Amino acid sequence: EGLGLDAVIVNALYPNRFSDDDRAKLERARGRARSPLTSAALAAALSEHARVRAQAEQLQRLRDGLGPAGPALVTLPYLFAETIGPDQLERLADALGESAARPAAATAG
């Protein structure tokens, strides 16, 4: 169609809640956990940390592939919600920002 690419939107990024130091502490705590529930909670936190790291690696690959003069890279958070309602839509709209939401023709010139 001959259209340029103005932005790339990456959806459902997990928040980065745990540092690598936190990960090591979580692993040690899981090794000492006596309760299956505690162990499961710590495993979930470790899984989330691994997912965040994997997403960060893929995001960097995308940035590298797009190059420094490439289109804008807009990230949207993973919404921990059963349904998408007005609050969630507002959060996504805020993340997109006005510049990413404007058509290319309106920002040209």
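From a predicted model like this one, the values you see are computed outputs, not experimental measurements. (Residues numbered from 1 in each chain as written. Predicted model: local features only at pLDDT ≥ 70, side-chain atom pairs only at ≥ 80, totals over all residues. Heavy atoms only, no water.)

**Q** Even after reading the chapter, I still don't get the pattern of salt bridges, so can you show me in this structure?
**A** When the charged atoms of two side chains with opposite charge come close together, those side chains can pair. Counting across every chain of the model gives three salt bridges. With a closest N to O distance of 2.9 Å, D20 and R53 form a salt bridge. One end of the pair, D20, is in helix 1 (residues 20-32); the other, R53, is in helix 2 (residues 36-66), with 33 residues separating them in the sequence. For D20, a relative accessible area of 40% translates into the label partly exposed. The exposure class assigned to R53 is partly exposed, which follows from its relative accessible area of 39%. Its salt-bridge partner being E27, residue R23 comes within 3.0 Å of it at the nearest N-O pair. Placement of both R23 and E27 in helix 1 is noted, with a separation of four residues, approximately one turn of the helix. (Salt bridge = Lys/Arg side-chain N within 4 Å of Asp/Glu carboxyl O. Helix = DSSP H or I, 4+ residues; strand = E, 2+ residues; numbered from the N terminus. Buried < 20%, exposed > 50% of the residue type's maximum accessible area, 1.4 Å probe, protein only.)

**Q** What is the right way to look at helix 2 in this model?
**A** Note: α-helices contain 3.6 residues per turn, so residues at a spacing of three or four share the same orientation. Counted at 1.5 Å a residue, the expected span for helix 2 with its 31 residues is 45 Å, and the 45 Å between its end C-alpha atoms agrees. Looking at helix 2, one finds that the buried residues are L42, A45, L46, E48, H49, V52, Q55 and L59. Packed against the buried residues of helix 2 are strand 1 (7-13), helix 1 and strand 2 (72-77). Capping the start of helix 2, S35 holds a side-chain oxygen 3.2 Å from the backbone nitrogen of L37, two or three residues further along. Directly beyond the C-terminal end of helix 2, a positive phi value near 80° is found at G67. (Expected span 1.5 Å × (residues − 1). Contact = heavy atoms within 4.5 Å. Polar contact = N/O pair within 3.5 Å; in protein donor to acceptor, adjacent residues only side chain to side chain.)

So yeah, pure geometry; function would need other evidence.
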